[in-house]
Amino acid sequence: MTVDDLRYARAVSPREEAPFAERCEALPRLGIGISTEYGAGRGGLDPIELRRMHPDWVQFLEIGIDLERGVDADARRWIESGWPVTYHFLDANLEERESLDETWLGDTRELAREIGAAWLCGDAGLWHMGPRERGHGVLMPPILTDDSATEMAHGVTLLRRATGLEVLPENPPSQVYVGDLHLLDYFARVAERADCGLLLDVAHLAIYQRATHRDPFEALDRFPLERVIEVHVAGASEFTHAGRSFVDDDHTAQPLPETWALLEHVLAHAPRLRALVFECERNRAADVRASFERVTALASAWR
Ligand SMILES: [Fe+2]
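Since this is a predicted model, take the numbers as computed values, not measurements. (Residues numbered from 1 in each chain as written. Predicted model: local features only at pLDDT ≥ 70, side-chain atom pairs only at ≥ 80, totals over all residues.)

(A) Focus on the packing of helix α8 (residues 202-211) against helix α9 (residues 257-269). Put simply, α8 and α9 touch, their axes get as near as 9 Å, and they point 125° apart. By the angle between their directions, the pair α8 and α9 is classed as oblique. The handedness of the crossing between α8 and α9 comes out as right-handed. On the side of α8, the interface is formed by V202, A203, L205 and A206, while α9 contributes E258, T259, L262, L263 and V266. Class assignment of the residues belonging to the contact of α8 with α9 gives a composition of 7 nonpolar, 1 polar and 1 charged. (Axes fitted to C-alpha atoms, helices over the stretch in contact; angles between N-to-C directions. Helix = DSSP H or I, 4+ residues; strand = E, 2+ residues; numbered from the N terminus. Parallel < 35°, antiparallel > 145°, perpendicular 65-115°, else oblique. Left-handed = near helix turned anticlockwise from the far one by under 90°. Contact = placed C-beta atoms within 7 Å. Nonpolar A, V, L, I, M, F, W, Y, C, P; charged D, E, K, R; others polar.)

(B) Broad picture of the environment of P131. Here P131 lies in the loop between β4 (117-123) and α6 (146-163). What makes P131 exposed here is the crowd of 8 C-beta atoms within 10 Å. With 33 residues separating them in the primary sequence, P131 and E98 have C-alpha atoms 8.7 Å apart. (Buried ≥ 20, exposed ≤ 12 C-beta atoms within 10 Å, placed from the backbone.)

(C) Inspection of helix α5 (residues 102-115) at higher detail. Taking 1.5 Å as the rise per residue, α5 with 14 residues should run 20 Å; its terminal C-alpha atoms sit 20 Å apart, in good agreement. Immediately downstream of α5, the backbone of G116 shows phi near 75°, a positive value. (Expected span 1.5 Å × (residues − 1).)

(D) Representation of helix α10 (residues 285-302) within the structure. For α10, which comprises 18 residues, the first-to-last C-alpha distance of 24 Å matches the rise-based estimate of 26 Å (1.5 Å per residue) to within 8%. The principal kink in α10, of about 35°, is found at S291. Of the positions making up α10, those classed as buried are V288, S291, F292, V295 and A299. The inward-facing, buried residues of α10 contact β1 (31-36), β7 (228-234), α9 and β10 (275-279). (Bend = angle between axes of the 7 residues up to and from the residue.)

(E) Quick look at the pairing of strand β9 (residues 244-248). Examined bridge by bridge, strand β8 (residues 237-241) and β9 share 5 bridges and lie antiparallel to one another. The residue of β9 that forms the bridge with E238 is V247. Turn length for the β8-β9 hairpin, with the two strands adjacent in sequence and antiparallel, is 2 residues, and the turn residue A242 shows positive phi of about 50°. (Pairing = 2+ DSSP bridges.)

(F) Structural context of the packing of α9 against α10. Between α9 and α10, whose axes approach to 9 Å, the crossing angle comes to 20°. Put simply, α9 runs roughly parallel to α10. At the point where α9 passes α10, the crossing takes the right-handed sense. Taken together, the residues of α10 that come into contact with α9 (itself represented by L263, E264 and L267) are L298, A299, A301 and W302. Looking at the contact of α9 with α10 residue by residue, the class counts come to 6 nonpolar, no polar and 1 charged.

(G) Summary view of the nonpolar core. Grouped together as the largest cluster of nonpolar side chains are 78 residues, with contacts concentrated most on L120, V156, V190, V202, V231 and V266. Once residues within four sequence positions are removed from consideration, V156 is found in contact with L94, V167, P169, V190, A194 and C196. (Core = buried A, V, L, I, M, F, W, Y, C linked by C-beta atoms within 7 Å.)

(H) Local environment of the pairing of β10. The buried count for β10 comes to 5 of 5 residues, which makes it a mostly enclosed element. Side chains A275, V277 and E279 of β10 all project onto a buried face; the interleaved residues L276 and F278 project onto the opposite face, where all are buried too. By the bridge criterion, 4 bridges tie β1 to β10 in an arrangement that is parallel. Counterpart to G33 in the pairing with β10 is V277. Pairing analysis gives 5 bridges linking β7 to β10, with the strands arranged parallel. Considered in β10, the bridge of H232 is made with V277.

Encoded structure:
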């Protein structure tokens, strides 16, 4: 942290922080939820209707937010119903301190508090290149190096102290990664240095392991599952380009086989898990039924 960063962090959070193991005791258990983004309800899932039809599928809503667009009418109606929400940012580069300026921190704090978010989370990569511009949102992964992990830990700590809410960095999706660290080792270092919880997206992890020709479970034994507060699962589609095969994180209805296997493992080995999101916002309810039933069946032991 620079001197200015420290001064700001102290100004917004004058009290000493308890260690994560104590702080996380105050986090609510949200159960199973779905994600949404601005306008996702058009042609996709209606969260309130889905909750009415399947209360065991949808206990909370994870709202994907960039400050430029804010929160749409569907999410507003959910919030007004008083049901739980989490704030998934879509406009911050946690490993780049210029991205976390005082205006963004202040506005994010205000909106997160207004909607009553249980915590902040989001793909911990690069959501914008250079200054923020309307229409950004091209998510790239972080540089997987030790220096970058230190920078990201700084960003997580700053955002947590600025908002007073826990910040859970999420392993983002990509086909290509730069840096010498395994994705899971990178986030293990971030979590230790920021003393924070984690959001593990098992669909993104499965894509990473495939893209880098690894076993689906590689490095999971070195990853601090005791810090995982939230898990994401989502469908993905295989495609080929120029003779190479890839997997697109397109949030379709059907997760990869190894995504299911990873989810089962995490549900059994993450003792502080509070929330499970099936990211399927742009599908029709009938198309996600089979996967939702599998998610709820797997989660029954956890719940
Ligand atoms: Fe995710």
